Amino acid sequence: MTTRTLVSPATLSRPRGRAVYWSVFTGTVLLFALAFLFPVYWMATGAMKSPDEVARTPPTLVPERWHLSGYTDAWDLMQLPTHLWNTVVQAAGAWLFQLVFCTAAAYALSRLRPAFGKVILGGILATLMVPAQALVVPKYLTVADLGLLNDPVAIWLPAVANAFNLYLLKRFFDQIPTDVLEAAEIDGSGKLRTLWSIVLPMSRPVLGVVSIFALVAVWQDFLWPLMVFSDTGKQPISVALVQLSQNIPLTVLIAAMVIASIPMVAMFLLFQRQIIAGISAGSTKG
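Rules and cut-offs
Residues numbered from 1 in each chain as written. Predicted model: local features only at pLDDT ≥ 70, side-chain atom pairs only at ≥ 80, totals over all residues. Heavy atoms only, no water. Helix = DSSP H or I, 4+ residues; strand = E, 2+ residues; numbered from the N terminus. Expected span 1.5 Å × (residues − 1). Buried < 20%, exposed > 50% of the residue type's maximum accessible area, 1.4 Å probe, protein only. Arc of directions from axis to C-beta. Contact = heavy atoms within 4.5 Å. Axes fitted to C-alpha atoms, helices over the stretch in contact; angles between N-to-C directions. Parallel < 35°, antiparallel > 145°, perpendicular 65-115°, else oblique. Nonpolar A, V, L, I, M, F, W, Y, C, P; charged D, E, K, R; others polar. Salt bridge = Lys/Arg side-chain N within 4 Å of Asp/Glu carboxyl O. Left-handed = near helix turned anticlockwise from the far one by under 90°. Phe/Tyr/Trp six-rings, centres within 6.5 Å; stacked < 30°, edge-to-face > 60°. Lys NZ or Arg CZ within 6 Å of the ring centre and 35° of its normal.

A. Local environment of helix α11 (residues 191–202). Look at α11: 15 Å from first C-alpha to last across twelve residues, which is about the 16 Å you get at 1.5 Å a residue. Among all positions in α11, only T194, L195 and V199 are buried. One side of α11 carries all its buried residues, which in axial view fall inside an arc of 95°. More than 90 degrees from the buried face of α11, the exposed residues found are R193 and W196. If you follow the buried residues of α11, they end up packed against α5 (80–112), α9 (163–174) and α10 (178–186).

B. Expanded view of the packing of helix α12 (residues 204–220) against helix α15 (residues 250–270). Here α12 crosses α15 at 170°, and the two axes come no closer than 12 Å. In terms of axis orientation, α12 runs roughly antiparallel to α15. Of the residues in α15, those in contact with I212, L215, V216 and W219 of α12 are A260, P263, M264 and M267. Tallied by class, the residues present in the contact of α12 with α15 amount to eight nonpolar, no polar and no charged.

C. Representation of the pattern of salt bridges in the model. Tallied over the full model, the rule gives three salt bridges. Ionic pairing is found between R56 and E64, a salt bridge with its closest N-O pair at 2.6 Å. For E64, a relative accessible area of 52% puts it in the exposed group.

D. Up close: the packing of helix α6 (residues 117–126) against α9. Where α6 contacts α9, the axes come no closer than 9 Å and their chain directions differ by 140°. Relative to α9, the element α6 is oriented oblique. Read as a crossing pair, α6 and α9 show a hand that is left-handed. Each of L121, I124 and L125 in α6 lies in contact with α9, whose residues at this interface are A163, L166, Y167 and K170. Taken together, the residues that form the contact of α6 with α9 break down as six nonpolar, no polar and one charged.

E. How the structure looks around the packing of aromatic side chains. One pass over the full model with this rule turns up seven aromatic pairs. For the ring pair F38 and W42, a centre distance of 5.8 Å and an interplane angle of 35° mean the geometry is tilted. In this pair, F38 and W42 are both assigned in helix α2 (residues 15–46), four residues apart and thus about one turn of the helix distant. Its relative accessible area of 31% is what places W42 among the partly exposed residues. Site record: aromatic cluster; members linked through ring pairs are F38, Y41 and W42. Between the NZ or CZ atom of K49 and the centre of the ring of W42, over which it lies, the distance is 4.4 Å. Directly above the ring of W224 sits K139, whose terminal nitrogen or CZ lies 4.6 Å from the centroid.

In structure tokens, the structure reads:
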């Protein structure tokens, strides 16, 4: 069976064909890299400009004078250490709760096969069709009745009910070879032991993807934390940037946005292999 490509092997075997191919390929990669990296550069350097230079038309690509005071002022004036720590606590708790309960529910639906399991799964997936904004008022009334306002638990508990991550885990568990689980049962392993010792180690790629989704969802959420946290000292960074942006120079606000985005960018760069492996894990059945 021959594989057809955009450029034929005969064309690539000629020097002119290789030169044209690599020129087009390199130019395309550079254009995409520029399209993605230029906004990051613009934001990072914008914080180093003076307020007058930031508002100048036409804008300058390189700051005339480099000012690092924008970052130091943002760190102090906007109380970034406090709000970053609040965000870390809220994101870590939501990640832990979601990983534990979604994994347990997905394993039960996939391998324990409870009565009316398909009906339960269908009801869970049906929640994906409900707009998130329609659930804000019921969630708020429930949290208020439980006395959880200004409490990180109000972020953790709603994050557990994530139908997409649950379905992602279930689909991965469905693809685990049955022979492996049957061998564990023959050796006397119970359901919980099988989950802990066999299923979870095999599920590291998809658990990494679910972890990224859970952390990013909490880190960038704005509406729900705004409603839950009326206490400014307990607000996450996404809410604090808006609440404290009044009477703050534009360069300081840009610097605060750069600092707030560093943790998520660093996490992606550190775990990009696991993320890519997890995304591709569900595409093949092993």
